[in-house]
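One letter stands for each residue in the lines below.
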Amino acid sequence: MKALFLHSIFAVTVCLLTNVPQTQAAQTGMNDRAVLQELRQMIEKQQAQIDRQAAEIQDLKSRLVPRQGTAEEEIATDSRKAQKEEIPPAVQSADTGAKVVFYGQVNRAGLWADNGDSSNLYFVDNDNSSSRLGINATASYKKLTIGGKIEYQLESNSSNLVSSRDENPNNDLSIRHADASISADNFGKFSFGRGSSATEGISEMDLSGTHVVSQSAVYDMAGGQLFYDDAQNILTSTAVGDVFTNMDGLSRLDRFRYDTPVLAGITVSAGINEDDAYDLATRYSRDYGGVKVSAGLGWVNIDDSPTYDNQYSGSVSILHDSGFNLSLAGGLRQAKQSGRDDPSFWYTKLGYILNAFSVGSSAFSVDYFMGEDIAANDDEASSMALAYVQNFDDWGTELYLAYRFHQLDRDGTDFNDISAVMSGARVKF
Amino acid sequence: MKRIQTLPLTASLLVCLFLFGCGGTSYTHQPADGLKTGPGAFSGEDGVFVLISTETEDKKEQKSDDTKRR
């Protein structure tokens, strides 16, 4: 094409030149050569320009083709992204899976307490089941599951700490769980980090439906309230929480814990804990098609404890389909100090769950607690409560009302009884 | 005296638990001071907000079957 173009231009030029009269050509022979030379240079310049333009066109074409390919790739990538959002990758395998959940609840109440000399109203966080936020993560591969749990408790004015001497105890934020675990169906579960000890909850088996406001941990409702000694007319420093305990294992702490697989409803747990503490527990939960049973028994040993060596405690709760339920708990500590009697307690609760309202069940209970030698020899601490809880299932909410009475008999004192009324709501997010 | 009574009491309770374990179906007991059970006000039936989930339906069914077997 290039040769043809050159040839045609040259031919036209020659043709023009041949039309010039011969005489004139003869006279201007030298000038003609110069013109020809000039024309040739012009043609070469034009040809060079054409070549450049052709190269540019070619370059543009070459750029255009990959660009089309990139656009197609972008469309494909977007499509893949959309598929990723719609369908998780693990869908391809039935043996793997991961889940991360966020959860929380708020449990706020009004607490009125009367120590026989004065009364006060407090705005509290119900320590029976405190306000909290947490994240729980699990990842499974075939039969193996790895887990992680972080949970914080957010208690502004904990109900078991407020008193007439301190209406705003500073215990707003505390960590409940920072726990990692690995488990499998055939070998059980190993947990390490901060979390429930093997014996936590062992004295608190309770199917009554009123445990949000009334349970064997009777001091959770008004544990900070101080006894008033009528004989000396003074407000003592002896608090409800000092003379009542349900010996509920080791609560939550930093530990290494192992739970066996569940066999016929039975599981055994063991823990090696901070402060040279060891615990062992067995739990049992079974539904007999009309009767539910939950039970637990635990042993604790704390080398570093200045007050006791071993602690044995347990509880059982039975719920019949009719709604009637019965819970029992008890415990014993072996005192370290010579001359110190072994502290012990027992607790019983009778309850009834009524399904009369469409919004949710209503639970009622009456309970009684008796503790001996808990804070001092010959101490007798007793407590009784009436409780009512109304569930609102669609709102994830419970409303509750309870009255609790505390009595302490101690040699050489005349403590007034402490009465407390608490009413509030637990809302699960 | 109390110390001597503890061991037989523990053993008796363990035996009772094993005997009771022969019938019925298992269920998970919720701790008294634990999170409220059941649905949440905002999270609905699950009671929790699922941030990430790649669990397959097969896996969920498998877990459910395992629980029932126990």
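For the structure itself, look to the data block above.
Predicted, not measured: the structure shown is a model, and the values here were computed from it. (Residues numbered from 1 in each chain as written. Chains lettered and ligands numbered in written order. Predicted model: local features only at pLDDT ≥ 70, side-chain atom pairs only at ≥ 80, totals over all residues. Heavy atoms only, no water.)

*Asks:* In this structure, what is going on with the side chain of A:S159? I would like to understand it.
*Replies:* All names here are of chain A. You can see S159 is positioned in the loop between β4 (144-154) and β5 (173-184). With relative accessibility at 0%, the residue S159 sits in the buried group. Setting aside chain neighbours within four positions, we find S159 in contact with L111, V124, D125, N126, D127, D220, M221, A222, G223, G224 and M422. (Helix = DSSP H or I, 4+ residues; strand = E, 2+ residues; numbered from the N terminus. Buried < 20%, exposed > 50% of the residue type's maximum accessible area, 1.4 Å probe, protein only. Contact = heavy atoms within 4.5 Å.)

*Asks:* Would you mind showing me how to read the pattern of salt bridges here?
*Replies:* Should their charged atoms come close, side chains of opposite charge can pair. Residue and element names in this part refer to chain A. For the coordinates displayed, the defined rule picks out 14 salt bridges over all chains. Across the pair R194 and D254 runs a salt bridge whose closest N-O atoms are separated by 3.8 Å. Here the residue R194 occupies a position in strand β6 (residues 188-196), and D254 occupies one in strand β9 (residues 252-259), the gap between them amounting to 60 residues. On the basis of relative accessible area, D254 is assigned to the partly exposed category, the value being 37%. Across the pair D259 and R257 runs a salt bridge whose closest N-O atoms are separated by 2.9 Å. Across the pair, R257 and D259 agree in class, each one buried. (Salt bridge = Lys/Arg side-chain N within 4 Å of Asp/Glu carboxyl O.)

*Asks:* Quick question: what am I supposed to make of unusual backbone geometry here?
*Replies:* For residues other than glycine, phi is negative in most cases, and the peptide bonds are mostly trans. A positive phi angle is found at A:S251, which is not glycine, with a value near 55 degrees. As for its placement among the helices and strands, A:S251 is situated in the loop between α5 (240-243) and β9.

*Asks:* So what exactly am I meant to see when it comes to the packing of aromatic side chains here?
*Replies:* The geometry of an aromatic ring pair comes down to the distance between the two centres and the angle between the two planes. One pass over the structure, following the stated rule, counts eleven aromatic pairs over all chains. A ring pair is formed by A:F244 and A:F369, whose centres lie 5.4 Å apart and whose planes are at 55 degrees; its orientation type is tilted. With A:F244 in the loop between α5 and β9 and A:F369 in strand β16 (residues 362-372), this pair connects stretches of sequence that are 125 residues apart. On the basis of relative accessibility, which here comes to 2%, the residue A:F244 falls in the buried class. What makes A:F369 buried here is its relative accessible area of 0%. Among the aromatic residues, ring-to-ring pairing joins A:F187, A:F190, A:F256 and A:Y258 into one connected group. Taking the ring centre of B:Y27 as reference, the NZ or CZ of A:K292 above it sits at 4.8 Å. (Phe/Tyr/Trp six-rings, centres within 6.5 Å; stacked < 30°, edge-to-face > 60°. Lys NZ or Arg CZ within 6 Å of the ring centre and 35° of its normal.)

*Asks:* Sorry if this is basic, but what is going on with the side chain of A:S285 here?
*Replies:* Locating A:S285 in the fold gives a position in strand β11 (residues 277-287). Looking at A:S285, the relative accessible area reads 9%, which means it is buried. If we ignore the near neighbours within four places in the chain, the residues touching A:S285 are A:G265, A:V293, A:S294, B:S26, B:Y27 and B:H29.

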